[in-house]
Amino acid sequence: MKRTFRILTTILFTISLVASSCSATREQQVEDDLADFRAWVSNATSNVAERTEEDWKRAREDFKTRTEELDRKQDNFSAELRQDYQSLKQEFRNADEEYQRHVTGEDLAEWEQRLLGQWADLDSLNETNVREVYIALLENVRAQKDSWDNEDWEMAERVLEKLNERKDDINGNIPTDTEVKIKALQMEFRTLETAADM
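Keep in mind that this is a model prediction, so the values were computed, not measured. (Residues numbered from 1 in each chain as written. Predicted model: local features only at pLDDT ≥ 70, side-chain atom pairs only at ≥ 80, totals over all residues. Heavy atoms only, no water.)

Some remarks on the confidence of the model for the protein
On average, the protein scores 83 in pLDDT, and the residues at 70 or more come to 84%. Mean pLDDT values over the elements of the protein span from 68, in helix H1 (residues 2-45), up to 96, in helix H5 (residues 130-144). Every residue in residues 17-24 is under pLDDT 50, and counting partners more than four places away or in other chains gives zero contacts. (pLDDT = per-residue confidence, 0-100. Helix = DSSP H or I, 4+ residues; strand = E, 2+ residues; numbered from the N terminus. Contact = heavy atoms within 4.5 Å.)

Thoughts on the pattern of salt bridges
Pairs may arise between side chains of opposite charge once their charged atoms sit close together. Under the definition given, this model contains 19 salt bridges. Between Asp 71 and Lys 89 there is a salt bridge, and its shortest N-O distance comes to 3.3 Å. You can see Asp 71 sitting in helix H2 (residues 53-73) and its partner Lys 89 sitting in helix H3 (residues 79-104), a full 18 residues away along the chain. For Asp 71, a relative accessible area of 33% gives the class partly exposed. Among the ionic pairs, Arg 190 bridges to Glu 193, the shortest N-O distance being 3.3 Å. Highlighted residues: Arg 190 and Glu 193, both in helix H7 (residues 176-197), separated by three residues, approximately one helical turn. Where salt bridges share partners, they join Arg 60, Asp 96, Glu 161 and Glu 165 into one cluster. (Salt bridge = Lys/Arg side-chain N within 4 Å of Asp/Glu carboxyl O. Buried < 20%, exposed > 50% of the residue type's maximum accessible area, 1.4 Å probe, protein only.)

Structural notes on H5
The α-helix advances 3.6 residues per turn, and as a result positions three or four apart in sequence lie on the same side. The end-to-end C-alpha separation of H5 is 22 Å, in line with the 21 Å expected for 15 residues at 1.5 Å each. Considered for burial, the residues of H5 that qualify are Val 130, Val 133, Tyr 134, Ala 136, Leu 137, Leu 138, Val 141 and Gln 144. Contact partners of the buried residues in H5: helix H4 (107-116), helix H6 (150-169) and H7. (Expected span 1.5 Å × (residues − 1).)

Considerations on the environment of Leu 137
Turning to its location among the elements, Leu 137 is positioned in helix H5. In the structure, Leu 137 is positioned 48 residues away from Leu 185 in sequence and 9.1 Å away in space, judged by C-alpha atoms. In this structure Leu 137 touches Leu 115, Leu 116, Val 159, Leu 160 and Leu 163, once residues within four positions along its chain are discounted.

Written as structure tokens, this is what we have:
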């Protein structure tokens, strides 16, 4: 009986040791992932004004890929790491806004007003009005697209990208049926853009 008890105690101790080791390893992995992201953000956001358009476009795509992956791991983040992660995301977004201002000057603000109208201030966006903003965008794109050249479409795409980024900030609170309707509007924009290219 004592021998059985000793064996069970040893097994339980081993299991708890392995479990705590796995937990420590997982925490270390999360911290390493965040450290990699921090280094990437620091590198990506330095000398923003000197970046080429193609280079910055790649950086934005890389940011999207990296954040999608880290977003899936957020459940394993401590409150402190989650706050750090949000700060790093905001740092990149601020750099992106700086880049957009550098490249387009006041043009982007004018295009936001032109395509979003009363919704041009994206800070007013929330889960209840986000679909209306996409509807306004598409109505204006449909009405104006026939006179657009490639540069106009590029500006319209920047407005859409900025709107998409703002929507992502409130993503968790948007009802599923609203998300589906927004996806349809985003697809319509891409269809109109592709048709214009042809």
